[in-house]
Amino acid sequence: MQKIDIEQIPGGASPPPIRVGEATIEEAAIAQEMQYHPADSAGTAQLKAARALVVRELLRQRAAALGLSDAANGELDEADAAIAELLEQELDVPDPAEQDCRRFHAAHPERFSEPTRLRVRHVLLAAAPDDAAARDAGYRQGEKLLEELAAVPERFTEFAQRHSACPSKEQGGELGWLAPGQTVAELDRALQHLPEGLHERPLASRYGWHLVSIDERVEGRELPYERVAEHVRHSLREQATRRALRHYLLALEAEIGVEGVTLDDDAGRSLMQ
């Protein structure tokens, strides 16, 4: 049977049945699994969910074939335990050599550095992303407030308490020290490039417009290998585990047979998460 990605199915058409050996992955199970696979579209989430269930079923059937616990008929916890035992038994992932760890650290110093930290205050002028009128009005209000703040910067606390829709208004707009990834993604990206001081334009996010003051900026720095050796070793072992798991799953796919969907290069990612 030709394998078809769910995203490629024309609107209104039913997806082909998904089978792993003699077992069928039901549409209801895929729908329930989708909540664990957020994506830009329902089709992508559905495809990720289907692949995750196929991976689980491949492993469940292999564990059952080896007589590990009662993976064929057991409860979810029992099947999870059998799968964990299976992977422990059949995946051979050697520990990375010291020279490989040092080479990886030297090639990717940014991955093992202290992040840049920012001490930030903001005023949030709320506007829904799909409300064009509110966003336009919010931007114009933000420009006006920034003009006033540029002349009298000590009024920032007052403006946050009066105008901000963020709970931080009670602290005068203080967000404290932020490292990358600690605020909403679109604002986070913009903050990383800002110098200290009051930013001259409102910054957009899904929540509206932010008037931002960077009160202090501490640049990140590279850390010596000895400080991060365990982190480096863990990263390399995780990469090796992901590769071994992918090859193992593709071998099970060929041996057991999968119809209706194909595994991809990220096969097994949900297990590692």
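Throughout what follows, the structure given in this document is the object of discussion. Quantities reported herein were computed from a predicted structural model and do not represent experimental measurements.

Definitions and cut-offs
- Residues numbered from 1 in each chain as written.
- Predicted model: local features only at pLDDT ≥ 70, side-chain atom pairs only at ≥ 80, totals over all residues.
- Heavy atoms only, no water.
- Axes fitted to C-alpha atoms, helices over the stretch in contact; angles between N-to-C directions.
- Helix = DSSP H or I, 4+ residues; strand = E, 2+ residues; numbered from the N terminus.
- Parallel < 35°, antiparallel > 145°, perpendicular 65-115°, else oblique.
- Contact = heavy atoms within 4.5 Å.
- Nonpolar A, V, L, I, M, F, W, Y, C, P; charged D, E, K, R; others polar.
- Phe/Tyr/Trp six-rings, centres within 6.5 Å; stacked < 30°, edge-to-face > 60°.
- Buried < 20%, exposed > 50% of the residue type's maximum accessible area, 1.4 Å probe, protein only.
- Lys NZ or Arg CZ within 6 Å of the ring centre and 35° of its normal.
- Arc of directions from axis to C-beta.

This part is about the packing of helix 4 (residues 98–107) against helix 8 (residues 225–256). Where helix 4 contacts helix 8, the axes come no closer than 9 Å and their chain directions differ by 100°. One element, helix 4, and the other, helix 8, form an angle in the roughly perpendicular class. Within the contact between the two elements, helix 4 uses E98, D100, C101, R102, F104 and H105 and helix 8 uses Y225, E226, V228, V232, R233, S235, L236 and Q239. Tallied by class, the residues present in the contact of helix 4 with helix 8 amount to six nonpolar, three polar and five charged.

Now for the packing of aromatic side chains. Scanning the model with the defined rule gives two aromatic pairs in all. Pairing F104 with F112 gives two aromatic rings, centres 6.0 Å apart and planes at 70°, and the pair type is edge-to-face. Each of the two residues, F104 as well as F112, counts as buried. Taking 4.8 Å as the distance between ring centres and 70° as the angle between the ring planes, the aromatic pair formed by Y139 and W209 counts as edge-to-face. Here Y139 is found in helix 5 (residues 132–151), whereas its partner W209 is found in strand 8 (residues 208–218), with 70 residues between them in sequence. We classify Y139 as partly exposed; its relative accessible area is 24%. Of note, R117 hangs over the ring of W177, and the distance from its end group to the ring centre comes to 4.6 Å. When the ring centre of F156 is taken as origin, the NZ or CZ atom of R121, which lies over that ring, is 4.6 Å away.

Taken together, the buried positions of helix 4 are occupied by C101, F104 and H105. An end-on view of helix 4 places all buried positions within 100° of arc, on one side of the element. Among the exposed residues of helix 4, those pointing more than 90 degrees away from its buried face are R103, A106 and A107.

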